[in-house]
Each structure stands twice: as structure tokens, then as C-alpha cells.
Amino acid sequence: MAIFTNMRFAFYTLGCKTNQYETQAMEHILQNAGHEIGRFDQVCDAYIINTCSVTAVADKKNRTVIRRCRRDNPKAVIGVCGCYTQHAPEAVKELGVDVLGGSGGRQEFLEHMLSALHGEAHMDTLDNALRRREFELLPPGGLEARTRAMLKVQDGCVNFCTYCIIPYTRGPVRSASLEDALRQVRELADMGYREIVVTGIEIASWGVDLPGKPPVKDLITGLCGAVPELRIRLGSLEPRAVTEDFCQALAACPNLCPQFHLSMQSGCDTVLKRMHRKYDTARYYESVCLLRKYFPGCAVTTDMIVAFPGETEEEFQKSLAFIRKCAFADMHIFPYSRRPGTPADKMPGQLGNAVKEDRSRRAIAAANDMSKAYRESLIGTTQAVLFEEQSLSFYTGHAPNYVRVYAAGEALHNVVKNVKITGLYEDGVFGLIEGNGQWIIDNGQLLCPSGTF
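Scope of this entry: the structure provided in the associated data block. As a convention, each chain's residues are numbered from 1 in the sequence order in which they are written. Since the coordinates come from a predicted model, pLDDT governs what is reported: local features require at least 70, and pairs of side-chain atoms require 80 or more to be given and counted, while whole-chain, interface and lining totals use all residues. Excluded from the side-chain calculation are hydrogens and water; included are all heavy atoms of the structure.

### Some points on the overall build of the protein
Counted only if it meets this: For helices the rule is a DSSP run of H or I covering at least 4 residues; for strands it is a run of E covering at least 2, with both sets numbered from the N terminus onward. Within these notes, the globule rule equals 2.2 Å times the number of residues to the 0.38 power, and the radius of gyration is based on C-alpha atoms. Each residue is assigned to one of three classes by its accessible area relative to the maximum for its type, calculated with a 1.4 Å probe on protein chains only: buried under 20%, partly exposed between the two thresholds, exposed over 50%. In this description, contact between two residues means that some pair of their heavy atoms is separated by no more than 4.5 Å.
Assigned secondary structure in the protein consists of 13 helices and 19 strands. By the compact-globule yardstick of 22 Å for 453 residues, the protein fits well, its C-alpha radius of gyration being 23 Å. Projected onto its principal axes, the C-alpha coordinates of the protein cover approximately 60 × 60 × 50 Å. Residues classed as buried in the protein amount to 55% of the 453 residues present. Put simply, of all contacts in the protein between residues at least 6 apart along the chain, 73% involve residues at least 24 apart.

Structure follows, in C-alpha cells:
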């Protein structure tokens, strides 16, 4: 790859944190080979769109981005990879794409991108995802300006939830070895990252394909111990992974971020059964209580699908009552979107847009109330904030619980500072960095002391 240098690439990433990780890995591969990474709105030699196919809405977004990219860059080489191309390669080809890659084989995909840039014939890098048995180990790290890096430790899923296409586009569970994961997290520490997000399609299933079937707690405690100076944040967790033993082990890791994203999808048992989820609300709530027992004040966050096929108003009301019982710190609310190729697409009782919009609105309102209450509970506490970017006169970053924090200061990028939280502000909270002067929040507006700026 290194013989073709000085090309400028730009990426557009849709979908999950695993896609974000794989984009970072491709950026890293190209940079190491002497290429430049530009912005998607800049003039570049090549554009790579890393797609998602979790819903039909995601497919529509993929097509919109691809069409716009081809229209705006008629002479550039355009490559598309990810779950959408894995699921619908012919539909992608019709959009005038030069190079197709699936949800695996990233190194080979980049080789074909470079071949296309130099006028050579290329081959599509698509395989049968269901036949994959080995974890694709990619280099860690991404662009230097980032403070947080993703560490992919697992791929694939065998749950086959009735609304989900991912088992077909990602294949069965494959895990990184513990040795590879520990080596890569140490490499990320050496690169200067301050926080690592452990990610995968379903990280709770890590290890089921490895010799001896090690539990995921062994991975997490190993990572925390390998880089005690870094914050370790977990991606989405399957609720059944959260046991007393799991929590006891993780509570001994002081650098583990106390934010836990527990997959939920519905707070009603009959809907969960139709979704083919492998837990009920009682088991889910047990996980929530265990996390709060071992991590007091932690942020428990989740996803929720509303208006799933056949969902009655009574079932939806049960979901609303359940999320309020759980008191989530943050939620992502999604109206059900039909996904051709899944059992739910053929279920009776498909609901109309008006019902979806109404239930989304009510669920979002409940989620916003809970988010506000959680953020209010932080007022008066001191949080260790990893600052990431400047926003007007302020820097923003995230506390260990992933609440966004605004504070006044200078040259704070990639710096961790203790911040006393003094009030709510926009989508997060505002605070004072230890040793800095007083700032005031009046009616939601930040007022700086005279002469400060």
C-alpha cells in the first residue's frame, strides 16, 4: 500500500460505535501508509462511506449520502463499505460506486481503493458473513486530534432479534484474544488517548468462541489493569451479563467509567417476547439495581423502540411506567422502522406514522425529564472532566458518567480537570474548574465576570 502515497481520503460514517471504530482503524492504516485524511466537505481524491443497515431509514440515509457524494465529486473514487453493502450490494452498485466492501475485510477494501485511484481494475470485497469464524484484528487509533479512542473487542451476533438484520450482515460471534486486546489498549495509551471505549456488536458475548470461554469481566478487568491511567468506558451491554459476580469484579476497577448502556428496546414483557429478546423486565430491573448497588450515582442509559408491530396503547403505557421506574440518565428513542428481511417486517399489526410520532414524542418527554433529574443530581458534586473541544468561550468535555460538562478555561484539549458542577446548561451541566473564578448562570444564560473575555 505504501507505494501509492500522498492521496487525500475523506470518510463519512453512519451507524454504531463499531462502525466508528472501523473508520478510525481505516484512517490509521491510510495515515501510516503516507496518505492524508481530509474532511468530507473538502476536495479529496477518494471518499469512503461506511454504512449502516439497522433499519430501512438507515438504508435511505446511506443512499442519500452516496448520491450526494457522487454528484459533488464526479471525478473522485468513491468506495462504500459496511452493513448496507453487505446486505444489498446490487442496490449500492446502481448508485455509481467505484469500490464495494462489506462489513469485513477492511485492509483488502483499502487496497482496492488504491488500485482504483491508479486506474486499475478492482474487485468487490464481499463475502458470506454467516461463514466468518475469525476476528478481524485492525490497528488501533485514529486522528491525532481525538481524545477518545475505540477498542473493538468483538464482532457478530447470534441473537436474531425479530427486528434486526445485523446477525445476517455481521455473522456469528468472533472475539479478539485477551492478549491482542491488552496489547492494543497499551498502544492507545502510548498514542496519548485519555479514554478508551470498549466496543463491539455485542461485547457481553466476548469470549464465547475462545478456548475456555472466558467471561467478559476478565476482559474488562484486564483492560482496566493494563492502563490504570486511562478511563475505560464500556459500550452497550446485554442485561443478562450484569450479575453480582460481574459487578463485584468491575467495582474493583477505579478507572472504569460509571456509565452503563443496557440494551432494553421495550419495557413491556409481551413486546420483548415478540422481539425475541432473551430477558424480561424483572431480569432487566435486577441488572439496573445491581449496577446502582455497586456503582452509586452511576449513569444507566438505554435504547427504546416504540410502536413495534402489534404494540397496544396498554403495552406502551407499561413501557413508559417501566422506564420511569428505571430512572435512566439518558435514552435513545426510536420509532420502529420496518427492516425487509427480518421476521418483524412480516408481523401483523404494523402501526402508522401518526402512532409512531405520538409515542416517540411521549417517550422522549419522559426521557428528557429523567435526564434533567439526573443532571440536577450532579449539582454540587465534583467531576473529573476530560475536555475535548472548544465551544464559543467555553470548553466542553465529558464526566466519567458521560454527562457533557461546560466550563471556562484555556488550552484544555485532552486535559482532565476537576470541575465543581454548579447548574444545568444546554444539553449538559456547567461547572467551575478548580482554581478558576466565579461564573453565573442566570435564566439559563451564562454570564462571565467582567473583563474575563
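### Brief notes about the sheet that holds strand 10 (residues 259-261)
Applicable threshold: When DSSP locates at least two bridges between a pair of strands, those strands are taken to pair. Axis definition: a line fit to C-alpha positions, over the contact stretch in the case of helices; interaxial angles, taken between N-to-C directions, run 0 to 180 degrees.
Strands sit in the order 10-11-12 across an open sheet of three strands; the sheet is parallel. Across the chains shown, the open sheet's two edge strands, defined by having one partner strand only, are strand 10 and strand 12 (330-335). Adjacent strand axes in the sheet meet at a mean angle of 15° when their direction is disregarded. Summarising the sheet, strand 11 (residues 299-306) and strand 12 pair through six bridges and their orientation is parallel. Bridging from a neighbouring strand, T301 pairs with D330 of strand 12.

### Overview of a nonpolar patch on the surface
Worth spelling out the cut-off: Each patch is built from salt-bridge-free residues with over 30% relative accessible area, joining like charges within 9 Å and nonpolar side chains (Val, Leu, Ile, Met, Phe, Trp, Tyr) within 5 Å. Under the convention used here, a 1.4 Å probe and the Shrake-Rupley method define accessible areas, while residue burial counts only the protein chains that appear. The salt bridge definition used is simple: a Lys or Arg side-chain nitrogen within 4 Å of an Asp or Glu carboxyl oxygen.
Taken together, L130, V158, F160 and Y168 make up a surface patch of nonpolar side chains, about 340 Å² in accessible area. Along the polypeptide, Y168 turns up in helix 6 (residues 166-170). Overall, Y168 belongs to the partly exposed group, its relative accessible area being 36%.

### Things to note about unusual backbone geometry
Although it is not a glycine, Y402 sits at a positive phi angle of roughly 70°. Following the sequence through the fold, Y402 ends up in the loop between strand 14 (394-398) and strand 15 (404-407).

### Overview of the sheet that holds strand 7 (residues 174-175)
If you trace the four strands from one edge of the open sheet to the other, you get 7-6-8-9, paired in mixed fashion. The open sheet terminates on both sides in strands that have one partner only, identified here as strand 7 and strand 9 (231-234). Here six bridges tie strand 6 (residues 148-155) to strand 8 (residues 195-200), and the two strands are oriented parallel to one another. Each residue of the ladder has a partner; that of L151, found in strand 8, is V198.

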